[in-house]
Amino acid sequence: MKIAIPYDLKERLVPLDNALYIGIFDTDSSKLDEKESLGYGSKEATMQYIIDLGADAVLVKKGFLCPGSYAMSKGKIRYIIVNSKTLKDAIKELPSAEIRDELNFEIYKETE
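Quick caveat, the model's predicted, so the values are computed rather than measured.

This part is about the overall build of the protein. In terms of helices and strands, the protein carries 4 helices and 6 strands. Seen in sequence order, the protein has helices and strands lined up from the N terminus as β-β-β-α-β-α-β-α-β-α. Against the compact-globule benchmark of 13 Å for 112 residues, the protein has a radius of gyration of 12 Å, which places it among compact chains. With the C-alpha coordinates aligned to their principal axes, the bounding extent of the protein is approximately 35 × 25 × 25 Å.

Dropping the structure here:
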């Protein structure tokens, strides 16, 4: 499975619009392919980039998505909710993380 992980320069997990990088973690090989985010500044553009990269799932936390990015990705990609704050910790958490086909509104609603 190829999992998209949005993060910044300090390898902290960040909402899609703040992601300077999208890591594509391959669970079969345990390798991370780091891509510069072509959608920086927009959750929808970043989600489209993740879909175009062929990711099977995207790692999310509350506030990482918005209604638009969720609507455009629902049915095309799965969602993995984590509690981790860093890229390294998120990769360690993946084996126990829940994979979902749909999300509760609380996860993708707009935050202030």
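Right, let's talk about the pattern of salt bridges for a bit. Working definition: two side chains of opposite charge can pair if their charged atoms are close together. Taken as a whole and judged by the stated rule, the model has 7 salt bridges. We note a salt bridge from Glu106 to Lys62, for which the minimum N-O separation is 3.8 Å. Within this pair, whereas Glu106 is found in helix α4 (residues 105-108), its partner Lys62 is found in the loop between β4 (57-60) and α2 (67-73), the two being separated by 44 residues in sequence. Residue Glu106 is classed as partly exposed on the basis of its relative accessible area of 37%. The exposed category is assigned to Lys62, whose relative accessible area is 53%. A salt bridge links Arg78 to Asp101; its shortest N-O distance comes to 2.8 Å. Of the two residues, Arg78 sits in strand β5 (residues 78-81) while Asp101 sits in the loop between β6 (98-100) and α4, which places them 23 residues apart along the sequence. Residues joined by salt bridges that share partners form a network here, namely Lys62, Glu106 and Lys109.

This part takes up helix α1 (residues 43-52). Those residues of α1 lying buried are Lys43, Thr46, Met47, Tyr49 and Ile50. What you see down the axis of α1 is that its buried residues fit within an arc of 160°, all on one side. Tucked inside the fold, the buried residues of α1 contact β1 (2-7), β2 (21-26), β3 (31-36), β4 and α2. For α1, the N-terminal capping position is held by Ser42, with its side-chain oxygen 3.4 Å away from the main-chain nitrogen of Glu44. With its phi angle positive at about 85°, Gly54 sits one or two positions after the end of α1.

Conventions we followed
Residues numbered from 1 in each chain as written. Predicted model: local features only at pLDDT ≥ 70, side-chain atom pairs only at ≥ 80, totals over all residues. Heavy atoms only, no water. Helix = DSSP H or I, 4+ residues; strand = E, 2+ residues; numbered from the N terminus. Rg over C-alpha atoms; globule rule 2.2 N^0.38 Å. Salt bridge = Lys/Arg side-chain N within 4 Å of Asp/Glu carboxyl O. Buried < 20%, exposed > 50% of the residue type's maximum accessible area, 1.4 Å probe, protein only. Arc of directions from axis to C-beta. Contact = heavy atoms within 4.5 Å. Polar contact = N/O pair within 3.5 Å; in protein donor to acceptor, adjacent residues only side chain to side chain.

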